[in-house]
Amino acid sequence: MSEELRKKAAEMLLNGATLLSEPCPYCNGVRVMKEGQALCTKCGRTPEKRKIVTEENEEKNEKPLNKILEKKLEALSKELEQEMDHDKQQSILKSINLLLEMIEKVKKQ
Ligand SMILES: [Zn+2]
């Protein structure tokens, strides 16, 4: 990694860039991405735009499901707060656990 690239990558990360899980298609180096711009920290190349657009679209598609899950979680929390029956509390807690697992999975995708 050249000094200039290292500086640029560090600067991007400080400004909210994320590390890409997919390695650079040219050299398998680690890439950072910010605002649709991916930079390889090893060779300094930016991969073709088409690929980045696809990644962004996938991210957008994930959001509605996440929103639904989070709304459900909110509703369940309120339900739990008002529920006095212990058996029902247990089943609400189980549902909350499942929801949290789902949210984790969606975020990791
Ligand atoms: Zn590279």
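Residues numbered from 1 in each chain as written. Predicted model: local features only at pLDDT ≥ 70, side-chain atom pairs only at ≥ 80, totals over all residues. Heavy atoms only, no water.

K.L.:
Quick question: what am I supposed to make of the coordination of the zinc ion here?
P.N.:
The reference angle at a metal is 109.5 degrees if four donors form a tetrahedron and 90 or 180 degrees if six donors form an octahedron. Within the protein, the zinc ion binds to Cys24 (SG), Cys27 (SG), Cys40 (SG) and Cys43 (SG); these donor distances fall in the range 2.2 to 2.3 Å. With four donor atoms in place around the zinc ion and angles of 103 to 114 degrees between them, the coordination shape is tetrahedral. When the donors of the zinc ion are listed by position in the chain, the intervening gaps give C-x2-C-x12-C-x2-C. For Cys43, a relative accessible area of 33% puts it in the partly exposed group. (Donors = N, O, S within 2.8 Å, 3.2 Å for Na, K, Ca; no water. Tetrahedral: all angles 85-135°; square planar, octahedral: opposite > 155°, others 65-115°. Buried < 20%, exposed > 50% of the residue type's maximum accessible area, 1.4 Å probe, protein only.)

K.L.:
Sorry, what's going on with the nonpolar core here?
P.N.:
Within soluble globular proteins, side chains that are nonpolar generally end up buried alongside one another. Residues Leu69, Leu73, Leu76, Ile92, Ile96, Leu99, Ile103 and Val106 constitute the largest nonpolar core, which totals eight residues. Those elements that place two or more of their residues in this core are helix 2 (49-82) and helix 3 (86-108). No other element matches helix 3, which puts five residues into this core. What Ile103 contacts, discounting residues up to four positions off in sequence, is Asn66, Leu69, Glu70 and Leu73. Counting six residues, the second-largest nonpolar core is a separate cluster that includes Leu5, Ala9, Ala17 and Val32. (Core = buried A, V, L, I, M, F, W, Y, C linked by side-chain atoms within 4.5 Å. Helix = DSSP H or I, 4+ residues; strand = E, 2+ residues; numbered from the N terminus. Contact = heavy atoms within 4.5 Å.)

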